[in-house]
Amino acid sequence: MIATKDLAEELRATLRGNVLAHEPMVRHTSFKIGGPADLLVIPEDVEDLKVAMAFARSKGMPSWVLGSGSNTLVRDGGIRGMVVLPSAFQALARAGNEVTAGAGVRVSRLLAFCSKQGLTGLEILSGVPGTVGGAVWGNAGAWGGSTADHLARVQVVTDTGGELTLEREAIPFRYRFSGLPKGSVIVQATFALARGDPAAIRQRISRWLVQRNATQPVEFRSAGSIFKNPPGDFAGRLVEATGVKGTRIGGAMISERHGNFFVNLGDARAADVLALVALARERVRQTAGIDLELEFRVVGVD
Ligand SMILES: Cc1cc2nc3c(=O)[nH]c(=O)nc-3n(C[C@H](O)[C@H](O)[C@H](O)COP(=O)(O)OP(=O)(O)OC[C@H]3O[C@@H](n4cnc5c(N)ncnc54)[C@H](O)[C@@H]3O)c2cc1C
């Protein structure tokens, strides 16, 4: 078996971007939890990304993409393989009523850009942490709207290294799911927006933020909603009804404020969070007969 450090050296020789070996994932997730990734790669541009993906393929290494890790729990043993972080993909440009944003652009930056440009449509994403890549991949949304509502097209690099532009109609979006080709990496996304008054757009962005801060435990580290809402109900309500809000395991707790937010009190391990997930799921199954589906992504090994 080739040592990780040697693999990192080999990749550094061909990549213009950054290659980190044994990188602790606590640094790259909003939960601030997770063991080290064997390799974490930050490609400079699309060509560099293709080099990294080809390298992983040639070595038979599994690879994962990470945006800002705000919907991801990395297990305590870390990640065997390569993590690709498209954080250098920061392009942000307007053409007519369309805005194209690189996968690494923070949603908050995209919203600030749109309000300055007087382009409306994405305000419901106000306060959703993460990147454009993460929002498109998981069809992030709030208050009944979602990222797909104003998407025009997405550019991806496929798992075999091809570049593909997919129009919105060709992507089978549904609730918190995009159905984009497995193993592909989003490079950029284009949104079709409408003209609006910048001050009114700013006001809507602030209003959604205030509402969010009033209902979510934003003062703690978390990964947003743990479970998807089942049809016709709310996961938070179902968890709350079982009486487990406030339950602690190790350094993790089911938020007292919101039943669908599990928080890191400071020194939580992934195992603590997963034990709480199992507990809440089992209680909801017993009391409501509903099998809740995970909304956040769990990666890595124990
Ligand atoms: C306090 C808090 C509040 C939240 N509120 C909401 C909310 O209201 N609505 C909501 O929908 N979510 C919410 N979330 C969850 C999270 O913010 C969103 O899911 C967000 O879109 C994730 O973006 P990210 O860049 O952090 O993705 P990550 O967690 O890094 O990744 C999530 C998924 O997207 C994939 N991915 C990321 N980038 C790419 C890319 N470039 N190419 C291919 N795949 C990619 C990853 O592989 C992974 O499967 C909240 C989270 C927190 C912490």
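Think of each chain on its own: its residues are numbered from 1, step by step along the sequence as written. Owing to the predicted nature of the model, reporting of local features is limited to residues with pLDDT of at least 70; listing and counting of side-chain atom pairs is limited to 80 or more, with chain, interface and lining totals taken over all residues.

## Some remarks on the environment of A135
Rules: By the criteria applied, helices consist of DSSP H or I runs no shorter than four residues and strands consist of E runs no shorter than two, each listed in order from the N terminus. A residue is called partly exposed when the number of other C-beta atoms within 10 Å of its own lies between 12 and 20, exposed at 12 or fewer, and buried at 20 or more, with C-beta atoms placed from the backbone. Residues are scored as being in contact if the C-beta atoms we place from backbone atoms lie within 7 Å.
One can find A135 in helix α4 (residues 132–137). The exposure class of A135 is buried, given the 31 C-beta atoms found within 10 Å. The spatial distance from the C-alpha of A135 to the C-alpha of L180 is 12 Å, given a sequence separation of 45 residues. Setting aside anything within four residues of it in sequence, one finds A135 in contact with V107, L125, V128, G130, A140 and T147.

## Let's talk about the pairing of strand β5 (residues 79–84)
Put simply, the rule reads: Only strands that DSSP links by at least two bridges are regarded as paired with each other.
Note that strand β2 (residues 36–42) and β5 share four bridges and pair parallel. For L39, the partnering residue across the bridge sits in β5 and is M82. One ladder, built from three bridges, connects strand β3 (residues 63–65) with β5; its direction is parallel. Across the sheet, W64 pairs through a bridge with V83, a residue of β5.

## Notes on the sheet that holds strand β16 (residues 252–254)
Taken in spatial order, the three strands line up as β15-β16-β17 in an open sheet, and their pairing is antiparallel. The open sheet is flanked by β15 (248–249) and β17 (262–264), the only strands paired with a single partner. Pairing geometry for β16 and β17, over three bridges, is antiparallel. In the strand pairing of β17, M253 is matched with V263.

## So, the nonpolar core
Put simply, the test is: Take the buried Ala, Val, Leu, Ile, Met, Phe, Trp, Tyr and Cys residues, join any whose C-beta atoms are within 7 Å, and the set you get is a nonpolar core.
By size, the foremost hydrophobic cluster in this structure holds 80 residues, and its most contacted members are V41, V83, V132, I186 and V273. By residue number, the principal contributor to this core is helix α7 (residues 270–288), which donates six residues. Not counting the four nearest positions on each side in its chain, V83 is found in contact with A37, L39, L40, W64 and L66.

## Quick word on the domain arrangement of the protein
To be explicit about the condition: An automatic or database domain assignment supplies the start and end points of every domain. Classes in brief: Ala, Val, Leu, Ile, Met, Phe, Trp, Tyr, Cys and Pro nonpolar; Asp, Glu, Lys and Arg charged; the others, Gly included, polar.
By domain assignment, the protein separates into domain 1 (4–84), domain 2 (92–215) and domain 3 (235–299). Computed over C-alpha atoms only, the centres of domain 1 and domain 2 are separated by 24 Å. At the interface, twelve residues of domain 1 touch ten residues of domain 2. It is helix α2 (residues 46–59) that contributes the most residues to the side of domain 1 that touches domain 2, five residues altogether. For the side of domain 1 that touches domain 2, the class distribution of residues is six nonpolar, five polar and one charged.

## Section: the environment of G133
Mapped onto the elements of the fold, G133 is located in helix α4. On the basis of neighbour counts, which here come to 28 C-beta atoms within 10 Å, the residue G133 falls in the buried class. Expressed as a C-alpha distance, the spacing of G133 and A271, which sit 138 residues apart in the sequence, is 27 Å. Every residue in contact with G133, bar those within four places of it in the chain, is listed here: G67, P86, A103, G104 and I186.

## Some thoughts on the packing of helix α3 (residues 107–117) against helix α5 (residues 198–215)
Note the threshold: Comment: axis = line fitted to C-alpha atoms, over the contacting stretch for helices; angle = value between 0 and 180 degrees taken between N-to-C directions. Angle categories: roughly parallel below 35 degrees, roughly antiparallel above 145, roughly perpendicular from 65 to 115, and oblique for all the rest.
Running from N to C, α3 and α5 point in directions that differ by 150 degrees, and their axes come no closer than 7 Å. Between α3 and α5, the interaxial angle falls into the category roughly antiparallel. Where α3 approaches α5, its residues L111, C114, S115 and K116 are matched on the opposing element by P198, I201, R202 and I205. In the contact of α3 with α5, the residues fall into five nonpolar, one polar and two charged.

## Considering the site of the ligand
Operational definition: We call a residue near a molecule or strand when its C-beta atom, built from the backbone, sits within 6 Å of it.
The ligand sits among 32 residues. The nearest are G67, G130, G133, G134 and G224. Among the secondary structure elements, those contributing two or more residues to the shell around the ligand are β3, α4, β9 (141–142) and β13 (185–192). The greatest single-element share of the shell around the ligand, amounting to four residues, is contributed by α4. Classifying every residue of the shell around the ligand by side-chain character gives 15 nonpolar, 16 polar and one charged. Built from parts of two domains, the shell around the ligand gets at least three residues from each of domain 1 (4–84) and domain 2 (92–215).

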